[in-house]
Amino acid sequence: MMMRRAAVLGFPVTHSLSPVLHRTAYEALGLTGWRYDAIECAEDGLAPFVAGLGPEWAGLSLTMPLKRVVFPLLDTVSGLAVQVGAANTVIFRDGARHGENTDVHGIVRALAEAGVSRPRSATILGGGATAASALGALRELGLDEAVLVVRDPARAGETLAVADRLGLSVRTQTFDKFDAEVDLLISTLPSGAADAFAGVATRAGAVFDVVYSPWPTMLVSGARKVIGGFSMLLHQAARQVELMTGSTIAPVEEMRRAGEAELIRRGE
């Protein structure tokens, strides 16, 4: 039987928890012929890497900065990935490359676990690919408007275009003037970048920080309800496992325990 392969690609990617999650899923599902790796890959290396893959490859997980630059390399793309302009998953099937977005699923499931299923208002910090997926998640939760907080609104055109495709009305604010008195505050900023807003974040009903290491972040230190990035990572990875392997249900709880144990081992 041919070994099946998958991997997470990004730059940098050595910190990724994805190998632990996916390998745990393979073991729990009895997929002994499957292998999952972490591979450093910058934007200019993605096309030659994909072109050189053999028939043993089942899929790729993509981190930044690859979620948007992968589109020209795909044969088909899911409607959701097109709408949010980000594909964090590539599935190789029947000789074709198919792009999916599992980040939206991960955000929705993470919020649901914390009891946040119908926020009346939401603010997103950041304007990148993860912010675009957060807009997709807000739409799935029933919102038709949101606030996007960015350094320079003039450079948020790509994410505002996502909002238009999703049918969301989005108002932009700058970091020095935003108001966090909302049901849900979502930070898609890199680790440490949201620390200065910890005081403002206490006014939000719930704070979701996509960072999972180090945890807890300063942003959530005084929040009334906290959702961490590990839950999002877990659920988006579980959906990737299902798409790549064809399994009906991923072993989420086994993956959760393995991921939490690895974070403890790393001291994070």
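Residues numbered from 1 in each chain as written. Predicted model: local features only at pLDDT ≥ 70, side-chain atom pairs only at ≥ 80, totals over all residues. Heavy atoms only, no water.

(A) The arrangement of the packing of aromatic side chains in detail. Under the definition given, this model contains five aromatic pairs. Seen from their ring centres, phenylalanine 175 and phenylalanine 197 are 5.5 Å apart, and the 15 degrees between their planes marks the pair as stacked. Here phenylalanine 197 lies in the loop between strand 10 (184-187) and helix 8 (198-201) and phenylalanine 175 lies in the loop between strand 9 (169-174) and strand 10, a separation of 22 residues in the sequence. Using a relative accessible area of 16% as the deciding quantity, one classes phenylalanine 175 as buried. (Phe/Tyr/Trp six-rings, centres within 6.5 Å; stacked < 30°, edge-to-face > 60°. Helix = DSSP H or I, 4+ residues; strand = E, 2+ residues; numbered from the N terminus. Buried < 20%, exposed > 50% of the residue type's maximum accessible area, 1.4 Å probe, protein only.)

(B) Spotlight on helix 7 (residues 157-166). Taken as a whole, helix 7 has its buried residues at Thr159, Val162, Ala163 and Leu166. Buried residues of helix 7, seen end-on, are gathered within an arc of 100 degrees and therefore sit on one face of the element. At its buried positions, helix 7 is contacted by helix 3 (66-69), helix 4 (79-84), helix 6 (129-140), strand 8 (145-150) and strand 9. After helix 7 finishes, the residue glycine 167 shows a positive phi value of roughly 80 degrees. (Arc of directions from axis to C-beta. Contact = heavy atoms within 4.5 Å.)

(C) Structural detail: empty space enclosed by the protein. One pass over the full model with this rule turns up one cavity of 30 Å³ or more. Here the largest cavity is characterised by a volume of approximately 30 Å³. Ser187, Leu189, Pro190, Ser191, Gly192, Ala194, Asp195, Asp209, Val211 and Thr217 are the residues that line the largest cavity. Counted by class, the lining of the largest cavity contains four nonpolar, four polar and two charged residues. (1 Å grid on protein atoms, 1.4 Å probe; cavity = no way out; pocket = protein on both sides within 12 Å on 5 of 7 lines; lining within 4 Å. Points joined across faces, edges and corners; volume = space filled by probe spheres on them. Nonpolar A, V, L, I, M, F, W, Y, C, P; charged D, E, K, R; others polar.)

(D) Highlighting the layout of surface pockets. Volume-wise, the largest pocket comes out at about 1,200 Å³. Forming the boundary of the largest pocket are 42 residues, of which Met64, Thr130, Thr188, Pro190 and Val210 lie nearest the centre. Of all the secondary-structure elements, those providing two or more residues to the lining of the largest pocket are strand 3 (57-62), helix 3, helix 6 and helix 9 (229-245). Take the lining of the largest pocket: its biggest share by element is five residues, from helix 9. Split into classes, the residues belonging to the lining of the largest pocket amount to 20 nonpolar, 16 polar and six charged. When its volume is computed, the second largest pocket comes out at roughly 220 Å³. Considering the residues around the second largest pocket, the lining is formed by 15 residues, among which Trp215, Gly228, Phe230, Ser231 and Glu260 are closest to the centre. Elements that contribute at least two residues to the lining of the second largest pocket include exactly helix 5 (103-113), strand 12 (226-228), helix 9 and helix 10 (252-265).

(E) Geometry of the sheet that holds strand 8. A sheet is described by the order of its strands in space; here six strands give the open sequence 9-8-7-10-11-12, paired in parallel fashion. Edge positions in the sheet fall to strand 9 and strand 12, since each has one partner strand and no second. With strand direction ignored, the average angle separating the axes of adjacent strands in the sheet is 20 degrees. Two elements, strand 10 and strand 11 (residues 206-209), share four bridges in a ladder whose sense is parallel. Along strand 11, the bridge assignment pairs isoleucine 186 with phenylalanine 208. (Pairing = 2+ DSSP bridges. Axes fitted to C-alpha atoms, helices over the stretch in contact; angles between N-to-C directions.)

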